[in-house]
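Residues per chain, in single letters:
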Amino acid sequence: MANDAGAVFDVVILGGGSGGYACALRAAELGMQVVLIEKGKLGGTCLHQGCIPTKALLHAGEVADQTRESEQFGVKSTFEGIDIAAVHKYKDGVVSRLFKGLTGLIASRKITVVEGEGRLVSPTAVEVGGTRYEGRHVVLATGSVPKSLPGLEIDGNRIINSDHALVLDRVPASAVILGGGVIGVEFASAWKSFGVDVTIVEALPHLVPVEDEGSSKLLERAFRKRGIKFELGSRFSGVEYTDSGVRVSLENGKQVEAELLLVAVGRGPVSAGLGYEEAGVAMDRGYVLVDEYCRTNVPTISAVGDLIPTLQLAHVGFGEGILVAERIAGLQVAPIDYAGVPRVTYCDPEVASVGLTQAQAVERYGADKVATLDYNLGGNGKSQILKTTGSVKVVSVQDGPVVGIHMVGARMGELVAEAQLIYNWEALPSEVAQLIHPHPSQSEAIGEAHLALAGKPLHVHD
Ligand SMILES: Cc1cc2nc3c(=O)[nH]c(=O)nc-3n(C[C@H](O)[C@H](O)[C@H](O)COP(=O)(O)OP(=O)(O)OC[C@H]3O[C@@H](n4cnc5c(N)ncnc54)[C@H](O)[C@@H]3O)c2cc1C
């Protein structure tokens, strides 16, 4: 059937973030006619309000810390402060170069891009500003936005979310961060590097609570050393304005005053009022429900990214988008093993992991069937050179494959790529122990951990 737009599309994609644009690129590569509908900017949250700008802030923070601490390495320098306008210029420069590249890439694949707010109007059509785009398939990829707590109003000035934090035109003297998950600890880390007095409030007993408990504890120790304060197992009960900022109250009776409150309690799906339910799509609390092939209950409609209840990560969106494009094209596809997706929290020190935590492995295989080896970065030459601390912890099944790797330390986010191969290829510790790692590198810590687990430790003290 032809559209109002006059073309026949194989796939109509609603939302041009990581999930939607990856699907569009792969579908076009496979010869399909694609229309990609985006109300904001192509690249979505990851490029404009998420992964990329936060990592630029964290890198600026790292440079600040290195300047302050340079004398430890025999290098003389004077830290004069943060020029936040210049930090934003650097960050925005990175984003705009990537945005230009992405826009060019999408144009080069002959994808039709429609700017505007779309609404699903049938199982095969999306309408934008009165024009109907019809396709054989529709992919919903409208992503997510920051959440708040009931009664906690974000004013964008003293009570802010991550979108506001990324464009804040000042370095606050102090901040309370509500939420010790990935987004909360990344901002805590960057802001502390900028000189902010930071307190994190987390209702669960640990920072980054979905990580292996060992990683959380190492991060907490490192944050304590950096002077980042945190209240764990503490529930928020309210906030009031003071003359100069906010006073945050906790259910345990404590109060913390600061210049501002950053609310980082997670993100919720963007689905309200977009016609999904009317088209018969099954939903749960705003999330679109899908099977392991990202198919909704409506045969012509798929959904990907933060809109579905899988890991809220850009690379998960990429993977799901590609899977859907290939399935629609008739290729053989395999469901994603979500445990095998690497997870990185880019604070200082970084926390990176893949596979099962020790607790999950024990639950799945039984305590007597699980072996673990925690290799302290104290024994790793390159980590000593960098003056970073932490560990590489490997979880394996007794006489079986590696089922989880958990790392804390500077630059661990880069190392998780090797960990991912080990987990996803179901390698045995003895097989990884055979691989010679370059010296001196942090990757040796992975090699050493597997050597020890295979019963032939090298640089490990008894
Ligand atoms: C502060 C922060 C840091 C993060 N850091 C990382 C990180 O380091 N690594 C990582 O992997 N992930 C990170 N993430 C998560 C990552 O950004 C998301 O998982 C990813 O962007 C999800 O992609 P998506 O395509 O599902 O949704 P989105 O990126 O949110 O894209 C959805 C798009 O749909 C558009 N849209 C919505 N409704 C409509 C409509 N009706 N019509 C037209 N267009 C519409 C939106 O404008 C948006 O562009 C971070 C997120 C945040 C907030």
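Not measured: the values here are computed from a predicted model.

This part covers the packing of helix H11 (residues 412-424) against helix H13 (residues 443-453). Where H11 meets H13, the axes come as close as 9 Å, and the angle between the chain directions of the two elements is 35°. Relative to H13, H11 is oriented so that their crossing is right-handed. From H11, Leu415, Glu418, Ala419 and Ile422 reach across to H13, where they touch Ser443, Ile446 and His450. A breakdown of the residues in the contact of H11 with H13 according to their chemical character gives four nonpolar, two polar and one charged.

Owing to its 3.6 residues per turn, the α-helix aligns residues three or four sequence positions apart on the same side. Compared with the 36 Å implied by 1.5 Å per residue over 25 residues, the 36 Å span of helix H4 (residues 84-108) between its first and last C-alpha is a close match. Contacts made by the buried residues of H4 are with helix H1 (18-29), strand S2 (34-38), helix H2 (44-48), helix H3 (51-68), strand S3 (112-115) and helix H6 (182-194). Looking one or two residues beyond H4, the residue adopting positive phi is Lys110, at roughly 60°.

Taken together, 38 residues lie around the ligand, and Glu38, Thr45, Lys55, Asp306 and Ala314 are the ones closest in. The separation between a nitrogen atom of the ligand and a polar main-chain atom of Gly118 is 2.9 Å. One of the backbone nitrogen or oxygen atoms of Leu313 is found 3.3 Å away from an oxygen atom of the ligand. Protein coverage of the free-state accessible area of the ligand, which is 1,000 Å², stands at 94%. Residue composition of the shell around the ligand, by class: 11 nonpolar, 20 polar and seven charged.

Note on placement: Val316 falls in helix H8 (residues 314-328). Residues Val316 and Val341 lie 25 residues apart in sequence; the distance between their C-alpha atoms is 7.4 Å. Those residues in contact with Val316 that lie beyond four places of it in its chain are Thr310, Leu311, Tyr338 and Val341.

Between the first and last C-alpha of H3 there are 26 Å, a value that for 18 residues agrees with the 26 Å anticipated at 1.5 Å per step. Along H3, the residues classified as buried are Pro53, Thr54, Ala56, Leu57, Leu58, Ala60, Gly61, Ala64 and Asp65. Turning to H3, the residues buried within the fold contact H2, H4, H6 and helix H7 (213-226).

Before going further, it helps to spend a moment on the sheet that holds strand S21 (residues 350-355). Pairing within the open sheet is antiparallel, and its five strands lie in the order S20-S21-S24-S23-S22. A strand with exactly one partner marks an edge of an open sheet, and here the two such strands are strand S20 (343-345) and strand S22 (370-376). Across the sheet, the mean angle separating the axes of adjacent strands is 10° when strand polarity is ignored. Where S22 lies against strand S23 (residues 391-397), seven bridges are found, and the strand directions are antiparallel. Bridge assignment links Asn376 to a residue of S23, and that residue is Ser391. Set on the sheet, H7 makes contact with S21, S23 and strand S24 (402-409); between it and S24 the angle comes to about 0°. Relative to the sheet, H11 contacts S20, S21, S23 and S24, its axis offset from that of S24 by approximately 175°.

A separate point is the sheet that holds strand S14 (residues 255-258). Spatially, S12-S13-S14 is the arrangement adopted by the three strands of the open sheet, whose pairing is antiparallel. The two strands at the open ends of the sheet, each matched to only one other strand, are strand S12 (236-241) and S14. The average undirected angle you get between the axes of adjacent strands in this sheet is 20°.

For strand S6 (residues 131-140), the tally of buried residues reaches seven of 10 residues, placing the bulk of the element in the interior. In this sheet, S6 lies alongside strand S1 (residues 9-14) in parallel orientation, the contact comprising five bridges. Paired with Leu14 across the strands is Leu140, a residue of S6. With four bridges connecting them, strand S5 (residues 125-128) and S6 associate as antiparallel partners. Bridging across to S6, Val126 finds its partner in Tyr133. Here S5 folds back onto S6, and the loop between the two strands holds two residues, one of which, Gly129, carries a positive phi near 50°. Pairing between S6 and strand S19 (residues 301-303): three bridges, direction parallel. Note that in S19 the partner of Val138 across the bridge is Ile301.

With that out of the way, let us pick up the packing of aromatic side chains. Here the structure, examined in full by the defined rule, presents three aromatic pairs. When the centroid spacing of 6.5 Å and the interplanar angle of 50° are considered together, the rings of Phe9 and Tyr133 count as tilted. Note that Phe9 is positioned in strand S1 and Tyr133 in strand S6, a separation of 124 residues in sequence. For the pair formed by Phe9 and Tyr133, the shared burial category is buried. Above the face of the Phe99 ring, Lys41 is positioned so that its terminal group lies 5.4 Å from the ring centre. Just above the ring of Phe79 sits the side chain of Arg68; from NZ or CZ to the centre is 4.2 Å.

Rules behind the numbers
- Residues numbered from 1 in each chain as written.
- Predicted model: local features only at pLDDT ≥ 70, side-chain atom pairs only at ≥ 80, totals over all residues.
- Heavy atoms only, no water.
- Axes fitted to C-alpha atoms, helices over the stretch in contact; angles between N-to-C directions.
- Helix = DSSP H or I, 4+ residues; strand = E, 2+ residues; numbered from the N terminus.
- Left-handed = near helix turned anticlockwise from the far one by under 90°.
- Contact = heavy atoms within 4.5 Å.
- Nonpolar A, V, L, I, M, F, W, Y, C, P; charged D, E, K, R; others polar.
- Expected span 1.5 Å × (residues − 1).
- Near = heavy atom within 4 Å.
- Polar contact = N/O pair within 3.5 Å; in protein donor to acceptor, adjacent residues only side chain to side chain.
- Areas by Shrake-Rupley, 256 points an atom, 1.4 Å probe, with all protein chains shown as cover.
- Buried < 20%, exposed > 50% of the residue type's maximum accessible area, 1.4 Å probe, protein only.
- Pairing = 2+ DSSP bridges.
- Phe/Tyr/Trp six-rings, centres within 6.5 Å; stacked < 30°, edge-to-face > 60°.
- Lys NZ or Arg CZ within 6 Å of the ring centre and 35° of its normal.

Geometry only, nothing functional implied.
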